[in-house]
Amino acid sequence: TCNDFILPIFLIDGKNKKLPINSMPGVYRYSLDKLGIVVEKAIKNGLPMIALFPYTNKRKKNILGTEALNEDNLVCKAIQLIKKKYKNEIGIMCDVALDPYTSHGHDGLLSSGYVLNDKTNEVLIKQSLLQAQMGCDVLAPSDMMDGRIGKIRKSLDKNGYQMTQILSYAVKYASSFYGPFRDAVGSKGLLKGNKKNYQMDFKNSDEALREVALDIKEGADMVMVKPGLPYLDIIKLVKENFKIPVMAYQVSGEYSLLSNGIEKGLIDNNVILESLISFKRSGANAIVSYYADRLDRILT
Ligand code: PBG
């Protein structure tokens, strides 16, 4: 049902914009004044939550990703606007990571080609607190630094945000399925090297269990497995080993493959429901999907 889904929404600066994203047919970037279209439909359909992602203009990016801490950045403005207008009719989830804001496209601070774990955590703690202050309900660290869940939890609690939840991207593989997303947030072509220094090796499934165990111990309320369809075995493994809500992310590359295939007439659109049901079958408690704005057509 619609209650199983989280809808990612891409934000863009400016006015009166609903811009298509080339690499993701059927997905748009919305300026804040147009957000109502997609948020109101999500509320009407009964989606429990949306996830906000900013397309950041190149001139706002730098090596430190400082725009992440700007209280007037797109995400902060969007959270405030949605909370003011729609109160708690729908939950808001925000990524905690620096990649939309760094000129090198990495999720953290770079030094000699490597992302610095502990220095990055210091920034992520500030980014989390800022988003919580704006009214974000669920913080979703997708950066894959070690130890950040405990540190973010501690800082939230200390500052009066005990009720803000943490959905940890505990199991996030260094995947080639994220390509279209990087286009959507404007980091395509900027990324130097790859993210294997902090995201996980897809040949390894034991590590998934270790990562989840650590994040639960540090205070995660929910965990994410990502990508989705090629990792159903991992979703099941995590669900069976830990009795914690497990979310699955049908990522941009999965979306674009299906959507392009449908557009070209190679496969029919029943593949959408079939792929979404497979997440449920594997044990996912919720599914992040770019199809979540069209469920009225898909779930009939
Ligand atoms: C970045 C982030 C990524 C996605 C969500 N958050 C991409 C990455 O790690 O490079 C991917 C989502 C998708 O592909 O749909 N922190």
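Refer to the structure above for everything that follows.
Trainee: Where do I start with the site of the ligand in this structure?
Mentor: The full set close to the ligand counts 16 residues, and Lys172, Lys195, Lys226, Ser252 and Tyr290 are the nearest of them. A distance of 2.8 Å is found between a nitrogen atom of the ligand and a side-chain nitrogen or oxygen belonging to Asp107. One of the side-chain N or O atoms of Lys226 is found 3.4 Å from a nitrogen atom in the ligand. Protein coverage of the free-state accessible area of the ligand, which is 400 Å², stands at 100%. Looking at the shell around the ligand residue by residue, the classes come out as 6 nonpolar, 3 polar and 7 charged.

Trainee: Please clarify how the nonpolar core should be interpreted in this entry.
Mentor: Within soluble globular proteins, side chains that are nonpolar generally end up buried alongside one another. Ranked by internal contacts, the top residues of the largest apolar core, which has 100 residues, are Ile9, Phe10, Leu35, Val39, Leu52, Met93 and Val171. The leading source of residues in this core is helix α2 (residues 74–86), at 7 residues. Apart from the residues lying within four places of it in its own chain, the contact partners of Val39 are Ile9, Ile50, Ile82, Tyr86 and Ile90.

Trainee: I tried to follow a nonpolar patch on the surface on my own but got confused; where do I start?
Mentor: Among the surface-exposed residues, Leu273, Ile277 and Leu299 lie close enough to one another that they form a single nonpolar patch of about 210 Å² accessible area. The residue Leu273 is located in helix α9 (residues 270–282) in this model. The exposure class assigned to Leu273 is partly exposed, which follows from its relative accessible area of 30%.

What counts and what doesn't
Residues numbered from 1 in each chain as written. Predicted model: local features only at pLDDT ≥ 70, side-chain atom pairs only at ≥ 80, totals over all residues. Heavy atoms only, no water. Near = heavy atom within 4 Å. Polar contact = N/O pair within 3.5 Å; in protein donor to acceptor, adjacent residues only side chain to side chain. Areas by Shrake-Rupley, 256 points an atom, 1.4 Å probe, with all protein chains shown as cover. Nonpolar A, V, L, I, M, F, W, Y, C, P; charged D, E, K, R; others polar. Core = buried A, V, L, I, M, F, W, Y, C linked by side-chain atoms within 4.5 Å. Buried < 20%, exposed > 50% of the residue type's maximum accessible area, 1.4 Å probe, protein only. Helix = DSSP H or I, 4+ residues; strand = E, 2+ residues; numbered from the N terminus. Contact = heavy atoms within 4.5 Å. Patch = residues over 30% accessible without salt bridge, like charges linked within 9 Å, V, L, I, M, F, W, Y side chains within 5 Å. Salt bridge = Lys/Arg side-chain N within 4 Å of Asp/Glu carboxyl O.

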